[in-house]
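Overview (structure and organization)
Chain by chain, the residues run as shown.
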Amino acid sequence: MAARDLLLASLVLSCSLLPCYGDVLFSSLQRTFVVTASPAPGQGGVDKITVIWGLNQTLPAGTDSAYKTVKVKLCYAPVSQADRGWRKTKDSMKKDKTCPYKIDARPYNSANKTSQSVEWTVKRDVPTATYFVRVYAFDADENEVAYGQTTDAHKTTTLLQVEAISGRHKTIDICSIFFSAFSVLSLGWFLLH
């Protein structure tokens, strides 16, 4: 009986630890990168974003010794996450939906710590929203170890506005109305004769 209880207790304990194993929490990451992005805030509809990042020079030497790769991502600001569960911020990096759009991924360049950059063309599937840019540093095991972002900790300053391309023009709307009316009239004429 004691062996069964011990087995059951160890099973419950191992199942409760399983979701925590290997999971990185955003709150455990150090903010070590200084990140800027253009266009300037409020400049919507621009099709390119230039992101510049570098290691914060006030940090002690060797802070970036574990950095192997960096990933640059476009992230939803809190104003664009309201009432949208599929964009929610979670502390668990595996469950976080804040940064779905990958701008760039590359090996970390330890020789050039002060300024690295990438120019990214905003894709057509990026919806209209308010965004910021975040840079993550990864270690050799592909775990996030540090970050930097264009906005403050509350994500309220230096935000980017992206206006999506709908792909619809007024001529398409007029043609669809015309052909819809034509099809209804054709059906009516067919049924009467």
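Residues numbered from 1 in each chain as written. Predicted model: local features only at pLDDT ≥ 70, side-chain atom pairs only at ≥ 80, totals over all residues. Heavy atoms only, no water.

Under an unreviewed UniProt entry, the chain has the name High-affinity nitrate transporter and belongs to Salix suchowensis.

**Regarding the pairing of strand E8 (residues 144-149)**
Put simply, the test is: Each residue's exposure class comes from its accessible area (1.4 Å probe, protein chains only) as a fraction of the maximum for that residue type: buried when under 20%, exposed when over 50%, partly exposed otherwise. Working definition: helices are DSSP H or I runs of at least four residues, strands are E runs of at least two. Numbering for both runs from the N terminus. By definition, two strands form a pair when at least two bridges between them are found by DSSP.
For E8, a buried count of 5 out of 6 residues is recorded, marking the element as mostly surrounded by other parts of the structure. Pairing of strand E1 (residues 30-31) with E8, which is carried by 2 bridges, proceeds in the parallel orientation. Bridge pairing links Arg 31 to Tyr 147 in E8. The pairing of strand E7 (residues 129-138) with E8 spans 5 bridges and is classified as antiparallel. Its bridge partner lying in E8, Tyr 136 is registered against Tyr 147. In sequence, E7 turns back onto E8 through a hairpin of 5 residues, with Glu 142 there showing a positive phi of about 65°.

**Some points on the layout of surface pockets**
Here is the rule: Only protein atoms enter the 1 Å grid used here, on which a cavity is any set of points holding a 1.4 Å probe that cannot leave and a pocket is any open set flanked by protein within 12 Å on both sides along at least five of seven lines; residues with an atom within 4 Å of a point are listed as lining. Grid points are joined across faces, edges and corners, and a volume is the space filled by probe spheres set on the points. Nonpolar residues are Ala, Val, Leu, Ile, Met, Phe, Trp, Tyr, Cys and Pro. Charged residues are Asp, Glu, Lys and Arg, and all others, Gly as well, are polar.
A volume near 160 Å³ is recorded for the second largest pocket. Forming the walls of the second largest pocket are Lys 71, Lys 73, Met 93, Asp 96, Lys 97, Thr 98, Cys 99, Tyr 136, Phe 138, Glu 142 and Glu 144. Contributing elements (two or more residues each) for the lining of the second largest pocket: strand E4 (69-76) and E7. When the residues that make up the lining of the second largest pocket are grouped by side-chain class, the tally is 4 nonpolar, 1 polar and 6 charged.

**Topic: the sheet that holds strand E2 (residues 33-38)**
The criterion, for reference: Fitting a line to C-alpha atoms yields each axis, with helices limited to the stretch in contact; the angle taken between N-to-C directions then spans 0 to 180 degrees.
Overall, antiparallel pairing links the 3 strands, which are arranged E2-E3-E6 in an open sheet. The two strands at the open ends of the sheet, each matched to only one other strand, are E2 and strand E6 (116-121). Taking each pair of neighbouring strands and ignoring which way they run, the sheet shows an average axis angle of 20°.

**Here's the deal with the packing of aromatic side chains**
Two numbers describe a pair of aromatic rings. These are the distance of the centres and the angle of the planes. Quick reminder of the rule: Think of it this way: a Phe, Tyr or Trp ring, Trp meaning its six-membered ring, pairs with another when their centres are within 6.5 Å, and the plane angle makes it stacked under 30 degrees, edge-to-face over 60, tilted otherwise.
The final tally for this structure, using the stated rule, is 10 aromatic pairs. Measuring from ring centre to ring centre gives 5.4 Å for Tyr 67 and Tyr 108, while their planes differ by 80°; the resulting arrangement is edge-to-face. A residue pair is termed long-range when its members are at least 10 positions apart, and Tyr 67 in the loop between strand E3 (48-55) and E4 and Tyr 108 in the loop between strand E5 (101-107) and E6 qualify at 41 residues. The pair Tyr 67 / Tyr 108 is uniform in exposure class, with both members buried. Taken together, a centroid distance of 6.1 Å and an interplanar angle of 70° make the contact between Tyr 76 and Tyr 101 edge-to-face. Separated by 25 residues along the polypeptide, Tyr 76 in strand E4 and Tyr 101 in strand E5 bring together distant segments of the chain.

**A word on a nonpolar patch on the surface**
Filter applied, for reference: Candidate patch residues must exceed 30% relative accessible area and have no salt bridge, after which like charges are joined if within 9 Å and Val, Leu, Ile, Met, Phe, Trp or Tyr side chains if within 5 Å. Note on areas: Shrake-Rupley with a 1.4 Å probe; residue coverage comes only from the protein chains shown. Any carboxyl oxygen of Asp or Glu that lies within 4 Å of a side-chain nitrogen of Lys or Arg is treated as forming a salt bridge with it.
Taken together, Leu 187, Trp 189, Phe 190 and Leu 191 make up a surface patch of nonpolar side chains, about 530 Å² in accessible area. Take Leu 191: it is sitting in helix H3 (residues 170-192).

**Some details on H3**
To keep things clear, this is the line we draw: Each helix should span, by expectation, one fewer than its residue count multiplied by 1.5 Å.
Counted at 1.5 Å a residue, the expected span for H3 with its 23 residues is 33 Å, and the 33 Å between its end C-alpha atoms agrees. Burial within H3 is sparse, with just 0 of its 23 residues counted as buried.

**Description of the pattern of salt bridges**
Applying the stated rule across the entire model yields 4 salt bridges. As a salt-bridge pair, Glu 119 and Lys 48 come within 4.0 Å of each other at their nearest N and O atoms. Residue Glu 119 is located in strand E6, and its partner Lys 48 is located in strand E3; the two are separated by 71 residues in the primary sequence. By relative accessible area, Glu 119 is classed as exposed at 54%.

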